[in-house]
Amino acid sequence: MGTDKAASARPIERKNEVLESINRIFGEALSTKNEEQLACACLAVAEDVTGARTSFMSEVDVRSGEFVRRTISDRAREAHAASRPPPGSDALPGIAPDAVTRVLRGGESVIVNGPAGADRPTPRAFLGVPLKQDGRTVGMIGLIDRDGGFRAEDRAAAEALAPAILHALRSKHAEEALRASERRLQVLVEGVPQMVWRAVNGGHWTWASPQWTEYTAQKEVDSHGLGWLDPVHPEDREGVQKVWADAIQRGEFHADYRVRHASEGRYRWFQTRATPVRDDRGRVIEWLGTSTDVDDLRRLQERQQTLVAELQHRVRNILTVVRSVFSRTADMSNDVEQVADHFRGRLDSLARTQVIVTQSASGRVDLENLIREELLSVGASDSPALTIEGPEVALPPKAAESIGLAIHELTTNAVKYGALRTPGARLHVSWTTNMDYGGVRRLNLIWSEQGVPAISVRPARQGFGSELITEALPYRLGAETSLQFRGGGIRCTISVPLPEDMAAPDWRQG
Amino acid sequence: MTTASGSQAEGARGLQGKRILVVEDEYFIASDLKRAFQKAEAVVVGPVGDVGQALALVAEQAIDVAVLDVNLEGTNSYPIADRLSERAVPCLFLTGYDGWSLPEAYRDTPRLAKPFAMEAVLETVARLMNVPPHPAG
């Protein structure tokens, strides 16, 4: 009876204790670092309000019914450490498994009090309370051992705490997930090669990623407002501000401008894009922007344009030259087959030189290679009557084209009328290089045939070959040339300046 | 027969005795131009392949009209056009590029893209000389 009276005097006091406990739980929710710590703190609160000696919490997956986590209170941990079995063992000592099942499956609170006074191993009492979310049981709190066993009011207190505990845990979980997501985002933002920034009011920066400071050496705070314009190229500042002025109306910001690279000490081109972040009513709150280094890309594009223009120029020039060569070839003879034969030979020679030009990385042509290719085309490259000697000379494309054609004319003539046709005759091709008085490097080439009987009739094709050697080479290359038809064979000398600026044409320079 | 009517046609162009400056760095093109003008009984000044030589000719010789390759070994022939313009000598540009944006000063200067038809060169040159002298003159 005395106990009943005490119990009837207590409801308000008890209610206050429960409310205080709920307050404690929300207090812990703010101060604990993670879900695990919070769960332990909640169990301690539940132990205090119910007088349980130890406690645990189990959470289950709603769909599979599997345990996802079991938390043991600090006091349970201490008790377990002092006795066997060790913590983490699956079965909770002495608790009837069906009691746990009734809580988790049945979703109801359960009290199991053992026989009082008996000196039996723990637990002597068990109180299980389900944790429910939207009517479904997602876990339970198990309170173990209370002197005198658990009472209805302990169950009521634990049931009152359960929603607060679950709410606190869920909030903590969301908070942790958000923090993890923010960390991932931060790693991403700081790890990407782009500079990332935030801005308000038409380009007033509020934040810049570390890449900005690393690239520009401008402090992050100094980039705020319009401070970021300082490392922008002075010529680009006005333009980029105009783009910002239109950005709100257009709902996007796209601009290419140069930003000074602090360690390289020069400006590099950046492609900048920004997208507005809008509130629920569609108003722009701020802008998120990225700036990507496109300097290398731009330079490659410019180079490509130069190359295409140069290529166009070369193709059109060579076509014009081919047409001229054709007219001249056609003018020399009325025999269509002869014209076709000569023209084909000249075209092939031009083509061979083009191939060698494009094959070498420098665009230069090895002189010996050029001569050998030409002789090879008539099957005379390894004739015992032939000697080729000279130092290594790399001809620029322009010189290679003209000299290649001259070698072709000389070769064709030698095959038809000269040293490459006459048994016992010899062909000697040699060259040297020297500096002339003007300090210009010159190539001096001698084509010399010996042992060729005198030809009474000058071959018709000499017209083109002679013009090429005596007129075109001097005009085109500033060469000094001579071509003699002597007893014993042709002797041709070609002296060509090889100025250094011809060494690598503009369009080959990176 | 063809030769006779050809020379008649050339004569009808009105190029006889006209002094035509040819600036072109490619020998065969220069040589073709020279032959075509000579066939039309014009007097060819040059041909030359670089700006320096061309400017020397402009300074020393009487010139009625000029044919200029725009790209002379990577340098452009605008200085020659400028000097000719000062003397009210008309000129024709030959270019190897598409999308070539000529500076504003030369926008009214006629041009032909390579490879050009010789007929077009002869016609254009003849037309240029029929243009009355500069109003300023």
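Just so it is clear, the model here is predicted, and its values are computed rather than measured. (Residues numbered from 1 in each chain as written. Chains lettered and ligands numbered in written order. Predicted model: local features only at pLDDT ≥ 70, side-chain atom pairs only at ≥ 80, totals over all residues. Heavy atoms only, no water.)

### Quick look at the overall build of chain A
Part 1: When you go through chain A residue by residue, the secondary structure sums to 13 helices and 17 strands.
Part 2: Here the contacts in chain A between residues at least 6 apart in sequence split such that 57% fall between residues at least 24 apart.
Part 3: Summed over its atoms, the accessible surface of chain A is roughly 27,300 Å², and 52% of this surface lies on carbon and sulfur atoms. (Helix = DSSP H or I, 4+ residues; strand = E, 2+ residues; numbered from the N terminus. Contact = heavy atoms within 4.5 Å. Areas by Shrake-Rupley, 256 points an atom, 1.4 Å probe, with all protein chains shown as cover.)

### Some points on the packing of aromatic side chains
Part 1: Under the defined criterion, the tally for this structure stands at 13 aromatic pairs over all chains.
Part 2: Ring centres of tryptophan 205 of chain A and tryptophan 228 of chain A lie 5.2 Å apart, and the angle between their planes is 10°; this geometry places the pair in the stacked category. Residue tryptophan 205 of chain A is found in strand 7 (residues 204-208), and its partner tryptophan 228 of chain A is found in the loop between helix 7 (210-216) and helix 8 (234-250); the two are separated by 23 residues along the sequence. A single burial state applies to tryptophan 205 of chain A and to tryptophan 228 of chain A, both of which are buried.
Part 3: Taking the centre distance of 5.0 Å and the plane angle of 80° together, the rings of tyrosine 215 of chain A and phenylalanine 270 of chain A count as edge-to-face. One end of the pair, tyrosine 215 of chain A, is in helix 7; the other, phenylalanine 270 of chain A, is in strand 9 (residues 266-278), with 55 residues separating them in the sequence.
Part 4: Looking at phenylalanine 270 of chain A, the relative accessible area reads 3%, which means it is buried.
Part 5: Here a set of aromatic residues connected by ring pairs shows up, and it is made of Trp197, Trp205, Trp212, Trp228, Trp244, Phe253, Tyr257 and Trp287 of chain A.
Part 6: Over the face of the ring belonging to tyrosine 267 of chain A we find arginine 260 of chain A, whose NZ or CZ atom lies 5.9 Å from the ring centre.
Part 7: Across the ring face of phenylalanine 116 of chain B, the terminal group of arginine 323 of chain A is positioned such that the distance to the ring centre comes to 5.8 Å. (Phe/Tyr/Trp six-rings, centres within 6.5 Å; stacked < 30°, edge-to-face > 60°. Buried < 20%, exposed > 50% of the residue type's maximum accessible area, 1.4 Å probe, protein only. Lys NZ or Arg CZ within 6 Å of the ring centre and 35° of its normal.)

### Description of helix 11 (residues 367-377) of chain A
Residue and element names in this part refer to chain A.
Part 1: Along helix 11, the residues classified as buried are Leu367, Leu370, Ile371, Glu374 and Leu375. The buried residues of helix 11 occupy an angular sector of 125° when projected down its axis, which confines them to one face.
Part 2: A positive phi of about 70° marks glycine 379, the residue just after helix 11. (Arc of directions from axis to C-beta.)

### Points about the environment of proline 384 of chain A
Part 1: Along the chain, the position of proline 384 of chain A falls in the loop between helix 11 and strand 12 (386-389).
Part 2: Exposure remark for proline 384 of chain A: the relative accessible area of 75% places this residue in the exposed category.

### Some points on the confidence of the model for chain B
Close inspection of predicted coordinates is inappropriate for parts of the model with low pLDDT.
All names here are of chain B.
Part 1: When pLDDT is averaged along chain B, the result is 79, and 80% of the positions lie at 70 or above.
Part 2: Below pLDDT 50 for its whole length, residues 1-8 participates in zero contacts with residues either more than four positions away or in separate chains.
Part 3: Segment residues 131-137: pLDDT under 50, and one contact once partners within four positions in sequence are set aside and those in other chains are kept.
Part 4: Listed scores for the predicted complex are pTM 0.58 and ipTM 0.82. (pLDDT = per-residue confidence, 0-100.)

### Some remarks on the packing of helix 3 (residues 51-60) of chain B against helix 4 (residues 78-86) of chain B
Residue and element names in this part refer to chain B.
Part 1: One way to put it is that helix 3 packs onto helix 4 with a least axis distance of 9 Å and a crossing angle of 10°. Taken together, the axis directions place helix 3 and helix 4 in an arrangement best described as roughly parallel. Only Pro79, Ile80, Arg83 and Leu84 of helix 4 make contact with helix 3, whose side of the interface consists of Val51, Ala54, Leu55 and Val58.
Part 2: Its residues assigned to classes, the contact of helix 3 with helix 4 shows seven nonpolar, no polar and one charged. (Axes fitted to C-alpha atoms, helices over the stretch in contact; angles between N-to-C directions. Parallel < 35°, antiparallel > 145°, perpendicular 65-115°, else oblique. Nonpolar A, V, L, I, M, F, W, Y, C, P; charged D, E, K, R; others polar.)

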